[in-house]
Structure formats: structure tokens, C-alpha cells
Amino acid sequence: MHPAITASLAAIRAADRVSPELAAQLAMPLFMKVRPALPVRPSERGVHESAARSLLNIRGRDVVAYEWGHGPETVLLVHGWRGRAAQFAPIVRELRAEGYRLVAFDAPANGESAGRRTDIRDYLAAIEALQSRHGRFRAVIGHSFGGLAALTAVREGTATGGVVAISGMADARFLVDSFAGRLGLSAPTADVLARKFTQRVMPEQQDPYGRFDAVATPLPADVPLLVVHDRGDREVAASEGMRLHAAHGERSRLLVTEGAGHSRILGADATLDAVTAFVSGGIEALDRAGLARAGVAASVA
């Protein structure tokens, strides 16, 4: 760990013992940290470089958008926090071979998009801009924080035939609580951090955490959901995927993998099989192939 981060963590933990307000103030920059950008892996390079690129103007800033394939139906990919579109390379290969057009973006301060800060409002604006450009999506696939953004966008009107949430959280408050837990901070400090963050980012929002809660307010009734999560995910607990699945009842299917982790799950064979079936044929295709379960997690090695 970088010495500056080590020193910052020590200061935050010391403050936590005496002042949740001070501890939250010190923790805020670390909580909002995005850079440095995630590099493109060698296995992703070919897909990354083959994309047609363009710019989207998002809330006054330009972000890089990507497009692969020329099919009549479009699938949107939404990367996670400190992520980039290139992480979806295995899914792009699979779905492009099935005849779909794939579109994605690098959020501000992520991937090849400039900037120092981003938040979920940028993700939602990018999704809206791509819907305006491409029309209704065959499916929206989100990874991690991108899953939360995808769920929120569809709950707020983005038109799609289905949502895939991979390694995603069920609500936004999880982000604060899990961050505080990793740092060993107290519940009072987590509460103050949650309040300070929304005051800074969304001061006009009356119920910011309610807006981003896909358990309390699930997807529209006609939108099916595929949840994919690894049992050993160290960044977003598998219980989050299970909560999300349970909130959507019979129109949700759950695939739980073993040993794929938080990000490698994007390239796991089980993930690719389930995503391809769901995008191509919905829940019925998943059920016919036995790729996921309605009420019981399907463990895949």
C-alpha cells in the first residue's frame, strides 16, 4: 500500500475513535477516489482496439463511447467503479458472434475518459444518451457499481428487454457500509459519511438512498432479471446478489459461481453461457438449458 494511503488510513481510524464527523470528513476523498485508471489487459486488447469510438457529452464533459458489431438489436454494457468498458471483452465476443450490436462507455475518470471524479449521475446520463442514440436495448448488462446504475436507469425509464446484474449490489447504502467495514470504521462514522456524501453529490435529492434501492423498488414488472454472483466475491458479498434476486421473484434467475471472484466472473464460461441464453431467449432459454435457478442458487465451479 502506498505510504500516503497508509498514513491517511491511520488518521481516519484515529479520528473514528473520537469524532465520527472528523473521521467521515477525512474518509470522503478516499471513498470518492477513482484514479488511477484500470489498464486494459492483454486478453482484452483485441476487443478494445476493434471498437468504433465516439464521444458522449455527459453533464458538460466528454466521455468515450464504444460500439462493436452491426446487428439490428443493441445490448448496453455498464462497467463498475474504477472499471472500464474493455472488461466486458469476453461478453462482447460472445454476443457479437450471436449477431448483436454492443455499446458501452468509460465513465468520467475511468478508462480513457478524462476527469478526476464521477458518480452515479454520470452513469445515468451516459445510459440516457446511448438510449437516445440507439433506441430500446435488447438487454442492459451491468458489472458491480454498473449493475446498480443499470437497475436504477431501467427503474427510471430506460427501455430494455431485460437486465443482467453481475457482481452487483442491491442498494447504494451497501457502498458506504462496505467501505466503512473494510476500513474498520464504526457505524456512526458510516452514517455520517453516507450523509456527507449525498449532501455533496445530490443535495437536491430528498431520499437519495431510496432512489437507488432495487430491493425496496424492484424493476418494472415486465422486465426480467438475471443475477450472476460469485460465492467468494470479496468486494461485493454474494448476499447482495441473493437479496436482489429474491426481491424480483419469479422473473429473476440466479447463477452463483465458485472461484470466479469479483471481476474474473465476467469471463467465466458459466457466466457467458447464461448471459448469452438470457439475452437471446430470456428466462425461458435459461430454464430450458438449466443454466440458472428460480429459487436456489446454481453453483458452478
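Residues numbered from 1 in each chain as written. Predicted model: local features only at pLDDT ≥ 70, side-chain atom pairs only at ≥ 80, totals over all residues. Heavy atoms only, no water.

A few points about the side chain of Arg155
Then, number 1: Among the structural elements, Arg155 can be located in helix 6 (residues 145-155).
Then, number 2: The buried charged residue Arg155 lacks any salt bridge partner; its closest oppositely charged side chain belongs to Glu156, at an N-O distance of 5.8 Å.
Then, number 3: A polar contact of 3.0 Å, which involves the side chain of Arg155, links it to the backbone oxygen of Arg211.
Then, number 4: If sequence neighbours within four positions are ignored, Arg155 has contacts with Gly210, Arg211, Phe212, Asp213, Ala214, Thr217, Pro218, Leu219 and Pro220. (Helix = DSSP H or I, 4+ residues; strand = E, 2+ residues; numbered from the N terminus. Buried < 20%, exposed > 50% of the residue type's maximum accessible area, 1.4 Å probe, protein only. Lys, Arg positive; Asp, Glu negative; His and termini not counted. Salt bridge = Lys/Arg side-chain N within 4 Å of Asp/Glu carboxyl O. Polar contact = N/O pair within 3.5 Å; in protein donor to acceptor, adjacent residues only side chain to side chain. Contact = heavy atoms within 4.5 Å.)

A short note on the nonpolar core
It is characteristic of soluble globular proteins that their nonpolar side chains tend to be buried jointly.
Then, number 1: By size, the foremost hydrophobic cluster in this structure holds 62 residues, and its most contacted members are Leu76, Val78, Phe105, Leu225 and Leu244.
Then, number 2: Non-local contacts of Leu244, meaning those with residues more than four positions away in its chain, are made with Leu151, Ala165, Ala170, Ala214, Val215, Leu225 and Val227. (Core = buried A, V, L, I, M, F, W, Y, C linked by side-chain atoms within 4.5 Å.)

Some words on a negative patch on the surface
Then, number 1: A cluster of acidic residues, Glu94, Glu98, Asp269 and Asp273, forms a negative patch on the protein surface.
Then, number 2: Looking at where Glu94 falls in the secondary structure, it is placed in helix 4 (residues 89-97).
Then, number 3: Judged by its relative accessible area of 33%, Glu94 is partly exposed. (Patch = residues over 30% accessible without salt bridge, like charges linked within 9 Å, V, L, I, M, F, W, Y side chains within 5 Å. Areas by Shrake-Rupley, 256 points an atom, 1.4 Å probe, with all protein chains shown as cover. Charge placed at Lys NZ, Arg CZ, Asp CG, Glu CD.)

What to know about the environment of Glu98
Then, number 1: Its location among the elements puts Glu98 in the loop between helix 4 and strand 4 (101-105).
Then, number 2: Separated by 32 residues in the primary sequence, Glu98 and Leu130 place their C-alpha atoms 21 Å from one another.
Then, number 3: Those residues in contact with Glu98 that sit more than four places away from it in its chain are Thr276 and Ser280.

Observations concerning the packing of aromatic side chains
Then, number 1: Throughout the structure, instances matching the rule amount to six aromatic pairs.
Then, number 2: Taken together, a centroid distance of 5.4 Å and an interplanar angle of 70° make the contact between Trp81 and Phe145 edge-to-face. Taken together, the residues Trp81 in the loop between strand 3 (74-78) and helix 4 and Phe145 in helix 6 connect sequence positions 64 residues apart.
Then, number 3: Among the aromatic residues, those joined into a ring-pair cluster are Trp81, Phe105, Tyr123 and Phe145. (Phe/Tyr/Trp six-rings, centres within 6.5 Å; stacked < 30°, edge-to-face > 60°.)

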